[in-house]
Amino acid sequence: MAKTGFCDSIPLLDLHKKVAEERRAPLRALANACGPKERWQPQEGESKGTYQKTEPEARWARRLPVSTDDGIIMGFHEDDSPSHSGGCMEEEAVLIYLHGLQGLYSLQALVPGMLRHETELAMETLGLIYDRSYAWDIFSDMMRSQLRFTFPNADLPRPFTYTTRAILVDWLIQVHEVFHFSEETLYLSVHLLNRCLHQIKVNTAKLQLLGVVCLFLAAKKEECLLPEVSELCFLMENGYSNRQLLRMERRVLTELKFELSHCSPLHFLLLSASIAHCSAKVVWMARYLLELSLLEGQCVVFLAAHLAGAALCLSRRVLQEPPTPEGETAWCVASSIHVGSETTLLRIMLIQAGAAARAQSKDTRATFLKYSTAGTMHVSSHPSLLSAPCLLGLPTTHT
């Protein structure tokens, strides 16, 4: 494969940046495009002080199936209880969706209303929304969208192996750095690559071409400036022609049915870190661990929210910053999203800890070098990463 150099890391999203006082106008949607509603008028023989509040109409009309194995409900349902209405009913439905618990009263005791408030505040701080009233709907849609394309197992079709896949992803990370693409482009390209490996039959000779096409499609969806097709062919040492690249692009789009949407685990990571009020170093360490999971073929079966939660939890264990009462309270609120998934998070943490301990000595070192700069606070060179498996009860292996 072609060798590419590393460029200076671009400034990424700062969780601790203060929100500007000037707010952009909210997007014009159906909710705010409608005309004013008719005001209540007292009827004949009724005084103005005898207004009685009526119960709002049910917002959810259809029932959707529940998957207790994954701990997730597949949608919202109508609540017949008169004591839950409007936003409260919506919040409880989403909480059941998040946790997969059956007891509504235990949910109320476990996850208070501050989870919704902190989620709305975090999404506004990160600049993911223009109007806080849509925050909870967007967050619930993020949780649903991660279920659209899941893999039943992590097996790769022959003759590909985890090693060949890791080499390709490592090379894509280098190309991604050369073009200064956003992080969302990288995660989307690897997601498209995972889907293509399970749906498209390609031989080893065209594996690199498939990876470049996935990166090119992700850039078309996420970026404003795109590279020329000839530039991509040059990075592959002109092993493929422009016509071959465009032909592979049409094939990928046809097989994937033009469905390129993906909720990146990076969004869940930044959102959880903002809710938990994590320090900048914890966030950078979690981002490093999350990107290492891209090279691990075993991680394709896990949901994006679980990958992000495991990376953030392992980052806190590795750095072991002094706890504060406010920080622990915020962490309890953020970690409540993953209640019922502790076993899954532990499996992911074991994979990420092993990858971090071997990252410095492996041939696929693009992520290690990327996060060893001053802009990323040198998190990949942290000495505690070498003994990260010991923090989880595993023996340290030296390779």
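The rules behind these values
Residues numbered from 1 in each chain as written. Predicted model: local features only at pLDDT ≥ 70, side-chain atom pairs only at ≥ 80, totals over all residues. Heavy atoms only, no water. Helix = DSSP H or I, 4+ residues; strand = E, 2+ residues; numbered from the N terminus. Buried < 20%, exposed > 50% of the residue type's maximum accessible area, 1.4 Å probe, protein only. Contact = heavy atoms within 4.5 Å. Areas by Shrake-Rupley, 256 points an atom, 1.4 Å probe, with all protein chains shown as cover. Patch = residues over 30% accessible without salt bridge, like charges linked within 9 Å, V, L, I, M, F, W, Y side chains within 5 Å. Salt bridge = Lys/Arg side-chain N within 4 Å of Asp/Glu carboxyl O. Lys, Arg positive; Asp, Glu negative; His and termini not counted. Charge placed at Lys NZ, Arg CZ, Asp CG, Glu CD. 1 Å grid on protein atoms, 1.4 Å probe; cavity = no way out; pocket = protein on both sides within 12 Å on 5 of 7 lines; lining within 4 Å. Points joined across faces, edges and corners; volume = space filled by probe spheres on them. Nonpolar A, V, L, I, M, F, W, Y, C, P; charged D, E, K, R; others polar. Domains from an automatic or database assignment. Polar contact = N/O pair within 3.5 Å; in protein donor to acceptor, adjacent residues only side chain to side chain. Core = buried A, V, L, I, M, F, W, Y, C linked by side-chain atoms within 4.5 Å. pLDDT = per-residue confidence, 0-100. Phe/Tyr/Trp six-rings, centres within 6.5 Å; stacked < 30°, edge-to-face > 60°. Lys NZ or Arg CZ within 6 Å of the ring centre and 35° of its normal.

- Per an unreviewed UniProt entry, the protein chain carries the name Cyclin P and comes from Oncorhynchus mykiss.

## What to know about the overall build of the protein chain
Here is step 1 of the chain: Helices and strands together make up the secondary structure of the protein chain, namely 17 helices and 2 strands.
Here is step 2 of the chain: In the protein chain, which comprises 399 residues, the share counted as buried stands at 47%.
Here is step 3 of the chain: Pairs at least 24 apart in sequence give 76% of the contacts found in the protein chain among residues at least 6 apart.
Here is step 4 of the chain: When the accessible surface of the protein chain is summed, it comes to about 21,400 Å², and 53% of that surface belongs to carbon and sulfur atoms.

## Description of a positive patch on the surface
Here is step 1 of the chain: A cluster of basic residues, Lys206, Arg243, Arg247, Arg250 and Arg251, forms a positive patch on the protein surface.
Here is step 2 of the chain: Counting through the fold element by element, arginine 251 comes out in helix 10 (residues 242-255).

## A look at the layout of surface pockets
Here is step 1 of the chain: If you add up the space inside the largest pocket, you get close to 740 Å³.
Here is step 2 of the chain: Lining the largest pocket are 36 residues, and of these His262, Cys263, Ser264, Pro265 and Ala304 lie nearest its centre.
Here is step 3 of the chain: With 5 residues, helix 7 (residues 183-199) is the single largest residue contributor to the lining of the largest pocket.
Here is step 4 of the chain: Here the residues of the lining of the largest pocket are counted per class, giving 19 nonpolar, 10 polar and 7 charged.
Here is step 5 of the chain: Two domains each donate at least three residues to the lining of the largest pocket, and these are domain 1 (162-256) and domain 2 (265-392).

## A closer look at the environment of histidine 306
Here is step 1 of the chain: One can find histidine 306 in helix 13 (residues 304-319).
Here is step 2 of the chain: The class for histidine 306 is buried, based on a relative accessible area of 11%.
Here is step 3 of the chain: Along the sequence, histidine 306 and leucine 269 sit 37 residues apart, while their C-alpha atoms lie 9.5 Å from each other.
Here is step 4 of the chain: In this structure the side chain of histidine 306 is engaged in a polar contact, spanning 3.3 Å, whose partner is the side chain of serine 341.

## With respect to the pattern of salt bridges
Here is step 1 of the chain: For the structure shown, the criterion picks out 9 salt bridges.
Here is step 2 of the chain: The shortest N-O distance in the salt bridge between glutamate 120 and arginine 116 comes to 3.2 Å. Pair noted here: glutamate 120 and arginine 116 are both in helix 4 (residues 114-125), with a separation of 4 residues, about one helical turn.
Here is step 3 of the chain: Residue classification places glutamate 120 among the buried residues on the basis of a relative accessible area of 13%.
Here is step 4 of the chain: Since its relative accessible area comes to 15%, arginine 116 is described here as buried.
Here is step 5 of the chain: Each of Glu177, Glu183, Glu291 and Lys370 takes part in salt bridges that share partners, so that together they form one network.

## Topic: the nonpolar core
Here is step 1 of the chain: Membership of the largest hydrophobic core comes to 107 residues, with the highest contact counts inside it found for Leu210, Leu245, Val252 and Tyr288.
Here is step 2 of the chain: Residue assignment places this core across two domains, with domain 1 (162-256) and domain 2 (265-392) each supplying three or more.
Here is step 3 of the chain: Excluding anything up to four places from it in sequence, tyrosine 288 contacts Ala359, Thr367, Phe368, Tyr371, Val379, Ser380 and Leu385.

## Considering the confidence of the model for the protein chain
Here is step 1 of the chain: Of all residues in the protein chain, 70% attain a pLDDT of 70 or more, and the chain-wide mean is 78.
Here is step 2 of the chain: Low pLDDT, under 50, characterises residues 2-39; the predicted model gives this stretch 51 contacts beyond four residues in sequence or across chains.
Here is step 3 of the chain: Counting contacts from residues 99-110, a segment whose pLDDT is below 50, to residues more than four positions away or on other chains yields 21 contacts.

## Focus: unusual backbone geometry
Where the residue is not glycine, phi is negative for most of them; where a peptide bond is considered, it is trans in most cases.
Here is step 1 of the chain: Omega for the bond connecting arginine 158 with proline 159 falls within 30 degrees of zero, at 5 degrees, which places this linkage in the cis form.
Here is step 2 of the chain: Along the chain, proline 159 turns up in the loop between helix 5 (135-145) and helix 6 (162-178).
Here is step 3 of the chain: Phi is positive for histidine 180, which is not a glycine, with a value near 55 degrees.
Here is step 4 of the chain: The topology assignment puts histidine 180 in the loop between helix 6 and helix 7.

## Here's the deal with the packing of aromatic side chains
Here is step 1 of the chain: Scanning the entire structure with this criterion turns up 4 aromatic pairs.
Here is step 2 of the chain: Here the aromatic rings of tyrosine 288 and tyrosine 371 are separated by 5.6 Å at their centres, their planes lie at 50 degrees, and the arrangement is tilted. Of the two residues, tyrosine 288 sits in helix 12 (residues 280-295) while tyrosine 371 sits in the loop between helix 16 (366-370) and helix 17 (388-391), which places them 83 residues apart along the sequence. Note on accessibility: tyrosine 288 and tyrosine 371 belong to one class, buried.
Here is step 3 of the chain: Arginine 195 extends its terminal NZ or CZ atom over the ring of phenylalanine 149, reaching a point 3.8 Å from the ring centre.
Here is step 4 of the chain: The residue whose ring lies beneath arginine 316 is tryptophan 331, and the NZ or CZ to ring-centre distance is 4.1 Å.

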